Amino acid sequence: AQTIHQWPVAEIKAVGSPLSLGCTIKGKSSPNLYWYWQATGGTLQQLFYSITVGQVESVVQLNLSASRPKDDQFILSTEKLLLSHSGFYLCAWSRGGNQDTQYFGPGTRLLVL
Amino acid sequence: GQQVKQSSPSLTVQEGGISILNCDYENDMFDYFAWYKKYPDNSPTLLISVRSNVDKREDGRLTVFLNKSGKHFSLHITASQPEDTAVYLCAAGAGYAQGLTFGLGTRVSVFP
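The present account deals with the structure reproduced in this document. (Residues numbered from 1 in each chain as written. Chains lettered and ligands numbered in written order. Predicted model: local features only at pLDDT ≥ 70, side-chain atom pairs only at ≥ 80, totals over all residues. Heavy atoms only, no water.)

1. Digging into the nonpolar core
- Within the largest apolar cluster, 22 residues are counted, with the highest numbers of intra-cluster contacts made by Phe 33, Trp 35, Phe 73, Leu 75 and Tyr 88 of chain B.
- For this core, the secondary structure elements donating two or more residues are strand S3 (19-25), strand S4 (32-38), strand S5 (45-51), strand S7 (62-67), strand S8 (72-77), strand S9 (86-93) and strand S11 (106-111) of chain B.
- Ala 66, Leu 76, Trp 93 and Val 112 of chain A belong to the second-largest nonpolar core, a separate cluster that totals 20 residues. (Core = buried A, V, L, I, M, F, W, Y, C linked by side-chain atoms within 4.5 Å. Buried < 20%, exposed > 50% of the residue type's maximum accessible area, 1.4 Å probe, protein only. Helix = DSSP H or I, 4+ residues; strand = E, 2+ residues; numbered from the N terminus.)

2. Concerning the sheet that holds S7 of chain B
Residue and element names in this part refer to chain B.
- What the five strands build is an open sheet, ordered S1-S3-S8-S7-S6; its pairing is antiparallel. At either end of the open sheet lies a strand with only one pairing partner, and these are strand S1 (4-5) and strand S6 (56-59).
- Strand direction decides the pairing type here: S1 and S3, joined by two bridges, are antiparallel. Residue Val 4 lies in a different strand from S3, and its bridge partner there is Tyr 25. (Pairing = 2+ DSSP bridges.)

3. Focus: the sheet that holds strand S8 (residues 73-78) of chain A
Residue and element names in this part refer to chain A.
- Taken in spatial order, the four strands make up an open sheet running S1-S3-S8-S7, and their pairing is antiparallel. The open sheet has two free edges, formed respectively by strand S1 (3-7) and strand S7 (65-70), since each of these has just one partner strand. Across the sheet, the mean angle from the axis of one strand to that of its neighbour is 20°, orientation sign disregarded. (Axes fitted to C-alpha atoms, helices over the stretch in contact; angles between N-to-C directions.)

4. Some points on the pairing of strand S5 (residues 45-52) of chain A
Residues and elements named next belong to chain A.
- Pairing analysis gives five bridges linking strand S4 (residues 32-38) to S5, with the strands arranged antiparallel. Within S5, the residue paired with Trp 37 across the bridge is Gln 45.
- As judged from the three bridges shared by S5 and strand S6 (residues 55-58), these two strands associate in the antiparallel manner. Paired with Tyr 49 across the two strands is Glu 57, which belongs to S6.
- Here S5 hands over to S6 after two residues, with Gly 54 in that stretch at a positive phi of 80°.

5. Notes on the environment of Ala 92 of chain A
Residue and element names in this part refer to chain A.
- Structurally, Ala 92 can be placed in strand S9 (residues 87-94).
- For the pair Ala 92 and Leu 44, spaced 48 residues apart in sequence, the C-alpha to C-alpha distance is 12 Å.
- In this structure Ala 92 touches Ile 4, Asn 32, Leu 33, Tyr 34, Tyr 36, Gln 102, Tyr 103 and Phe 104, once residues within four positions along its chain are discounted. (Contact = heavy atoms within 4.5 Å.)

6. Regarding the pattern of salt bridges
Residues and elements named next belong to chain B.
- Within the structure shown, the criterion is met by seven salt bridges over all chains.
- Taking the shortest distance from any N to any O, the salt bridge between Lys 71 and Asp 28 comes out at 2.9 Å. Of the two residues, Lys 71 sits in the loop between S7 and S8 while Asp 28 sits in the loop between S3 and S4, which places them 43 residues apart along the sequence.
- For Asp 28, a relative accessible area of 57% gives the class exposed.
- Ionic pairing is found between Arg 51 and Asp 31, a salt bridge with its closest N-O pair at 3.7 Å. Note that Arg 51 is positioned in strand S5 and Asp 31 in the loop between S3 and S4, a separation of 20 residues in sequence. (Salt bridge = Lys/Arg side-chain N within 4 Å of Asp/Glu carboxyl O.)

7. What about the interface of chain A and chain B?
- Opposite the 23 residues of chain A that make contact, chain B presents 23 residues.
- In total, chain A and chain B occlude about 1,800 Å² of area from one another, counting both sides; carbon and sulfur atoms represent 53% of this.
- Where chain A touches chain B, the interface holds zero salt bridges.
- At the junction of chain A and chain B, the tally comes to six residue pairs in polar contact (both at pLDDT 80 or more).
- Ranked by residues supplied to the side of chain A that touches chain B, first place goes to S4 of chain A with four residues.
- Its residues assigned to classes, the side of chain A that touches chain B shows nine nonpolar, twelve polar and two charged. (Buried area = accessible area lost by both parts, 1.4 Å probe. Polar contact = N/O pair within 3.5 Å; in protein donor to acceptor, adjacent residues only side chain to side chain. Nonpolar A, V, L, I, M, F, W, Y, C, P; charged D, E, K, R; others polar.)

Function cannot be read off these values alone, since they describe shape.
Below is the structure:
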C-alpha cells in the first residue's frame, strides 16, 4: 500500500525567514506529485506538479518554489516568507500517466508571524 | 474567475434525509470530476469520481451525476448520517497530471 508523509506537521515562522516543507511517498514508483495550498477560509489551490525527478511545473507561484530531488520526494520552499504564506499545505500523488485521481497527505499547517 | 464553483457554502439535512451538493465548472477541457470529503484540520479524502464518458455513477449511498452540456455535476448522499457532517469539495481535472481545480466547499451538517 502507498503511504504519503509530510513534514513538519506544523510550523510557526517569522516573516522573512526561509521555509522548507517536505513530502515523501512510499510504495509507488514514478508517481505524479503535487503541492496544494489553502489559506484560511480559502479554496484549495494547486501550486506545483511534477511527473518525474528533476522536473517541476508551476501553476501558481506565490513566491514559492518546488523541487523533486528524488522519485519519492517533493520539496516546497522559499527563502523569504510573507504573511500571506500562512495556511495549510497539502502534498498529493497520483498514478503516472493520464490518471487524475489524487490522494492527499496529512498536510502541514504554517503560521507566519 | 473561479473555474469550479460550489454555489452553496452550507447545507443542513436531517438524519436519514438526502444531501444534494452541486458544482458548476467553466473549463470545457475538464474530463474528470470528483468529490472529496474534508474534516477540519485534515486533508481531503476521495469519495467518488467519474470521467466525462459517464453521466452517473453510484457507490453505496453516494451517486454522482454529470451534466456535461450544462457544465454541472452533483453528489447525492442518501440516508444521511451524523458522520456525514463535514466539508465536501468538488474538483475537476483536464487530464495528464496537471492536477485538480477545487471548489470552495460546501459544509454539510446532519442533525438527528
